[in-house]
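Read off the chains here:
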Amino acid sequence: MRLSHVLIAIAAAPAVALPLFGSSYQIYLAELILINVVAAIGLNLLTGNCGQISLCHASLMAIGAYTTALLTTRFAVTYALALPAGIVVTTLLGASLGYPARRLSGLYLALVTLGFLEVVSIVIEEFPDLTGGVRGLKLAKLEFAGWPLNAGALYYFVLGVTVLAIRAGWGLQHSRYGRAFDTVRQSVIVAQALAIPPARTKLLAFSIAAAFAGLAGGLFTAVVGFIDPTEFDISASLRQITFIAVGGLGSVWGSVVGAVVLTLLPETLRGAKEYSDVVYGVILLGALVLAPKGIVGSLALLLGRFHGGKARLP
Amino acid sequence: MTGRIALQLALSGLSVGSIYAIVALSLAIPFKASRVLNFAQGELVTLGAYIALVLTSYGLPYAVIVPATLLIAAAFGLLIERLVIRPIVDAPEFTLVIATFALGLIIRALIRIHWQDNVYFLPAPYAGAAFAIGPLRVNPSYLVIIGTTAVLVALLVLFFARTKLGKAMRAVSFNPIAARLMGIRVSTVFGSAWALSAAIGALAGLLLAPVIGINPELGHLISKALVAAVIGGFGSLGGALFGGLLLGVLETYAGAMFGAAFKEIIPFAILIAILLVRPQGLWGATHARV
Amino acid sequence: MSLLALDNVSVSFGGVAAVRAATMRVEAGEIRGLIGPNGAGKTSLINAITGIVRPDSGSIAFAEQPITALPPDLISARGIGRTFQHVELFRDETVLDNVLTGLYSHHVYGVAAAIVGFGRARQVEADARREAAALLEAFELAPLAGAPVRDLPFGIQKRVDLARALAVRPRMLLLDEPISGMSEAEADAAVATIRALARERDITLLVVEHNMRVMMRLAARITVMHQGGIIAEGTPGEIRGNRLVVDAYLGDKDDHA
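Position numbers for residues count from 1 along each chain, tracking the sequence in the order it is written. Key to labels: chains lettered from A, ligands numbered from 1, both in the order written. Residues qualify for local features only when their pLDDT is at least 70, as the model is predicted, and side-chain atom pairs are given and counted only at 80 or more; totals for whole chains, interfaces and linings, by contrast, use all residues.

Undergrad: Looking at this model, I keep getting lost on the overall build of chain A. Mind explaining?
TA: Working definition: helices are DSSP H or I runs of at least four residues, strands are E runs of at least two. Numbering for both runs from the N terminus. Each helix and strand in chain A was counted, giving 15 helices and four strands. What you see for chain A is a C-alpha radius of gyration of 19 Å, in line with the 20 Å of a compact globule of 314 residues. Backbone-placed C-beta atoms define the burial measure: a residue is buried with 20 or more other C-beta atoms within 10 Å of its own, exposed with 12 or fewer, and partly exposed in between. Among the 314 residues that make up chain A, the fraction classed as buried is 54%. Atoms counted for the radius of gyration: C-alpha only. Globule rule: 2.2 Å times residue count to the power 0.38.

Undergrad: What is the right way to look at the nonpolar core in this model?
TA: Burial of nonpolar side chains together is a common tendency in soluble globular proteins. In this description, a nonpolar core means buried residues of the types Ala, Val, Leu, Ile, Met, Phe, Trp, Tyr and Cys, linked to one another by C-beta atoms lying within 7 Å. Grouped together as the largest cluster of nonpolar side chains are 271 residues, with contacts concentrated most on A:Val38, A:Phe212, B:Val23, B:Ala24 and B:Leu25. In terms of residue count, helix H8 (residues 186-212) of chain B provides more of this core than any other element does, 16 residues in total. Any two residues are considered in contact once their C-beta atoms, placed from the backbone, lie within 7 Å. Those residues within four positions of B:Ala24 in sequence are excluded, and the remaining contacts are B:Ala225, B:Ala228, B:Ala229, B:Gly232, B:Ala240, B:Gly243 and B:Gly244.

Undergrad: So what exactly am I meant to see when it comes to the sheet that holds strand S4 (residues 57-62) of chain C here?
TA: Remark on secondary structure: sheet strands pair via backbone hydrogen bonds, oriented parallel or antiparallel. Residues and elements named next belong to chain C. Taking strand neighbours across the sheet as the criterion, the four strands line up as S2-S1-S4-S5 in an open arrangement whose pairing is antiparallel. A single partner strand is all that each edge strand has here, and the edge strands are strand S2 (16-26) and strand S5 (65-66). One ladder, built from two bridges, connects S4 with S5; its direction is antiparallel. Residue pairing for S5: Ala-61 is matched across the bridge by Pro-66. Between the N-to-C directions of two axes lies an angle of 0 to 180 degrees, each axis being a line fitted to C-alpha atoms and, for a helix, fitted only over the stretch in contact. Packed onto the sheet, helix H1 (residues 42-50) meets strand S1 (4-13), S2 and S4 and runs at close to 65 degrees relative to S2. For two strands to pair, DSSP has to find at least two bridges joining them.

Undergrad: Sorry, what's going on with the interface of chain A and chain C here?
TA: Many descriptions give the size of an interface as the accessible area lost when the pieces come together. Listed by partner, the interface residues are 28 residues for chain A and 29 residues for chain C. Looking at the side of chain A that touches chain C, the elements with two or more residues in it are helix H8 (151-173), helix H9 (176-186), helix H10 (188-193) and helix H11 (198-224) of chain A. Residues were grouped as follows: Ala, Val, Leu, Ile, Met, Phe, Trp, Tyr, Cys and Pro as nonpolar; Asp, Glu, Lys and Arg as charged; and all remaining residues, including Gly, as polar. In the side of chain A that touches chain C, the residues fall into 15 nonpolar, seven polar and six charged.

Undergrad: Honestly, helix H1 (residues 2-21) of chain A in this entry has me stumped. Any pointers?
TA: Since one α-helical turn is 3.6 residues long, residues separated by three or four positions face the same way. With 20 residues, H1(A) ought to run about 28 Å at 1.5 Å a step, and its terminal C-alpha atoms sit 29 Å apart, in line with that. In terms of burial, H1(A) is a largely surface element, zero of the 20 residues being buried. Working rule for helices: expected span equals 1.5 Å times residues minus one.

Undergrad: Explanation requested: the packing of helix H3 (residues 57-73) of chain A against H11(A) in the structure shown.
TA: Any two packed helices are characterised by the angle at which their axes cross and by the distance between the axes. All names here are of chain A. Orientation of H3 relative to H11, taken along the N-to-C sense of each, is 50 degrees, at an axis distance of 7 Å. Taken together, the axis directions place H3 and H11 in an arrangement best described as oblique. Pair H3 / H11 crosses with right-handed handedness. Seen from H3, the contacting residues are His-57, Leu-60, Met-61, Ala-62, Ile-63, Gly-64, Ala-65, Thr-68 and Ala-69; seen from H11, they are Ala-209, Ala-210, Ala-213, Gly-214, Leu-215, Ala-216, Gly-217, Gly-218, Phe-220 and Thr-221. Classifying every residue of the contact of H3 with H11 by side-chain character gives twelve nonpolar, seven polar and no charged. Note on angle classes: values under 35 degrees are labelled roughly parallel, values over 145 roughly antiparallel, values of 65 to 115 roughly perpendicular, and the remainder oblique. The hand of a helix crossing depends on one turn: near helix anticlockwise from the far one by less than a right angle means left-handed, and clockwise means right-handed.

Undergrad: What's the story with the sheet that holds strand S9 (residues 221-226) of chain C in this structure? I'm lost.
TA: All names here are of chain C. Across the sheet, which stays open at both edges, the six strands sit in the order S6-S7-S8-S3-S9-S10 with mixed pairing between neighbours. Each having just a single partner strand, strand S6 (80-82) and strand S10 (229-234) make up the two edges of the open sheet. Each strand of the sheet is rotated relative to its neighbour by a mean of 20 degrees, with strand direction disregarded. The pairing of S6 with strand S7 (residues 172-176) spans three bridges and is classified as parallel. Paired with Ile-80 across the bridge in S7 is Met-172. On top of the sheet, H1 reaches strand S3 (31-35), S6, S7, strand S8 (204-208) and S9; it is set at about 150 degrees to S7, its chief contact.

Undergrad: When you look at the environment of C:Thr235 in this model, what are you seeing that I'm missing?
TA: By the secondary structure assignment, C:Thr235 is in the loop between S10 and helix H9 (236-240). Distance from C:Thr235 to C:Arg32, taken between C-alpha atoms, is 9.5 Å for residues 203 residues apart in sequence.

Undergrad: Which parts of the structure should I look at to understand the arrangement of the chains?
TA: Most contacts, among the two pairs of chains that meet, fall between chains A and B. When C-alpha atoms are compared, chain B and chain C, though not in contact, are closest at a spacing of 15 Å.

Undergrad: What am I meant to see in the packing of helix H5 (residues 120-138) of chain C against helix H6 (residues 154-167) of chain C here?
TA: Residues and elements named next belong to chain C. Between H5 and H6, the shortest axis-to-axis distance is 10 Å and the interhelical angle comes to 140 degrees. The orientation of H5 relative to H6 falls into the category oblique. H5 and H6 meet at a crossing whose hand is right-handed. Mapping the contact onto sequence places Ala-132, Leu-135 and Leu-136 in H5 and Ala-163, Leu-166 and Ala-167 in H6. A class-by-class count of the residues in the contact of H5 with H6 yields six nonpolar, no polar and no charged.

Undergrad: Is there a simple way to explain the confidence of the model for chain C in this structure?
TA: Low-confidence regions, as indicated by low pLDDT, have predicted coordinates that should not be scrutinised in detail. How sure the predictor is of each residue is captured by pLDDT, a score from 0 to 100. The pLDDT averaged across chain C works out to 89; a share of 97% of its residues lies at or above 70. Interface scoring of the predicted complex returns ipTM 0.90; its pTM is 0.90.

Undergrad: Explanation requested: the pairing of S9(C) in the structure shown.
TA: Each regular strand carries side chains that alternate between the two faces of the sheet. Residues and elements named next belong to chain C. A large share of S9 lies buried, amounting to five of its six residues. Strand direction decides the pairing type here: S9 and S10, joined by five bridges, are antiparallel. Across the sheet, Met-225 pairs through a bridge with Ile-230, a residue of S10.

Undergrad: Explain the environment of C:Glu140 here, please?
TA: Residues and elements named next belong to chain C. Take Glu-140: it is sitting in the loop between H5 and H6. Glu-140 sits in the exposed class, given 12 other C-beta atoms within 10 Å. Between the C-alpha atom of Glu-140 and that of Ile-156, which follows or precedes it by 16 residues, the distance is 9.6 Å.

Undergrad: When you look at the interface of chain B and chain A in this model, what are you seeing that I'm missing?
TA: The interface is formed by 31 residues belonging to chain B together with 31 residues belonging to chain A. Within the residue set of the side of chain B that touches chain A, elements represented by two or more residues are helix H3 (62-88), helix H4 (93-115), helix H9 (222-232) and helix H11 (260-277) of chain B. Residue contributions to the side of chain B that touches chain A peak at 15 residues, all from H4(B). A class-by-class count of the residues in the side of chain B that touches chain A yields 26 nonpolar, two polar and three charged.

Undergrad: Is there a simple way to think about the pairing of S2(C) in this case?
TA: Note that S1(C) and S2(C) share seven bridges and pair antiparallel. Within S2(C), the position partnered with C:Ala5 by the bridge is C:Arg25.

Now the structure itself:
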């Protein structure tokens, strides 16, 4: 894997040097990309590896964002504690989806996650005293255990956390749990024959995905400073699914590539949300129909054919 | 709650439930035929309303707008089936679910680009002030919605029982391989099912437009229609009707008794409860198949 | 006592009885054959043992512990492994990764360790890889370790399936049509491999197979099913001469005797 280490270093260099020469908008955009990477990694483990359809990933991110926001803004909790708290809350709520996943799959599971999404939207709307309702939640200035989070520090924090998240996702994917996920996705019966517990494996997948979503949401709170609930609707969930479908299902690097490319894309288009929705929809549809393995998957396939080697995605 | 209020609520519940039922029916037809759940169906409802809007702007009379809208929508449905669904019909469920969602996203965004979030009104000849029937105040639109649903259901029953195409659709949904062996052109059936479904969706849009106005978010009611379909059981036409009406009535009573927040949540609470306890729906218990 | 004990096990689907009051005992160390014409109920019986279907009545015990109502993954964990008639390998993955999956329950580390990566997880993974490599060696699959399964001939895939099933370290292995799809030469080699592994690894085998010639050579005792019931049990010689068995098969021309 030495070539890929070099590639990573080359790709990472501008990311590390950005605050030195980039505009504040570019730094902000980079932070959004990193947040999307984190969310995509979690979703890919759940959907790409474990094969569970989730339409509510954006809602889980919202839960992380709101929890972290409320703790820092309403209860003056330091961000250093509010962020992990947001992750914990989101993980617990996301784990609850593991229960219907025991017996349901595919379409029916998708509907449960849709129901979850709707319920979260309604709760956000109907408790405006807590969440700011449809008008959103504006946040206080954040401080991290006493230190104020200025622009440069925040960027490096987000970057560092994202790198850790990529490492964690990679570690999981290549561990016995990643193999368990892949097995459950492909055949529950084979999983059972190999003493892999399908229900617990799905529960783990949902919990992990929620944890990543909660982390992404907590980072969002720090970066954006204002939570607009419409940012976390069904089209947001679909956007995240586009990241992993285009980047490569079941691959951590696919999540990274997909999130980076598809967050940058609307920037080049410079349009309103509707235009980016159309572009996302078309890209997603195109990816599903024409390139089901995504960018990374297709590359792996090509390289695999080239030297008849390993078929496992990086 | 007095009897009069209860009746009043029942009427409005049946009316909103009829819309849910119509959309649920439109979901059931392609699901039965090709086992694809069209998550873009809400956008086909919206599209129907906007098509009618465009036709209205040409000054056409209502009596022409209705059939024209249905026909144009049917053409859209056929187009979707050929261009989007056909290439991926054998793909894993993830692909099918997400593809129709993506399609809905595209349609909704295109509508927004052209018409923004403005709310337009569709003048319908029957829309007017509420009048009294006995102790009840009746909105004529409600009556038209309920009546149209009844007629639609009757026509669909006749269609599936008596017409060649209808019977072919039932055969394909029952056993596509056997149907093909019997000489039924399955691709024609699929196309027709999607065309029919789009037309029915557009009908719902036509009925909704005078009542709540035309806006890009009309399609959001697909969430409720999905709940209705789950209550009744997927792919069952009787279930779609039963589920839609039941949901409409329950939702309306819940709202009156417990407030708006409860009214919003109750459909999804029901959805999750049914999927956990009896995913095949409630209607299937009493009827083998419709 | 017997390793596997079935008592009056009945399985039905939608009113149709697939297995009727089956009682049988498999002793530790046996190679037991399970034969019967199509529709005899062999697959349903296997599925009942592995927990995929729940018997309507009767009980199943393994190593004297009841397993009748247990979920299939727990039954596998208790020591019952199986291979699949249609192999059911992960076609896009390598031979090594397929076999490695079977070691899930034996090389354990927590989620936190997996996330961290180095340390405990790395150590345990290395152990797992060593064991997987040993299994590949035993089945002469070592040179194919990195090959994706989809490119391999069916006979080799069957060996991978067997290696994976053994990775679970079962006390008893259910082989579902292990010889189907093989040439005669491959079949003979497979029979030798199966007998050797049963002996060397002290695994009890229950083999479902249509190929009579193979079954007669492989199994020490054979259980015969017909129309859901067990109609005979005995050595290959006893079974061959059994009137009931012959009659059952005369009604079904799919099997080669």
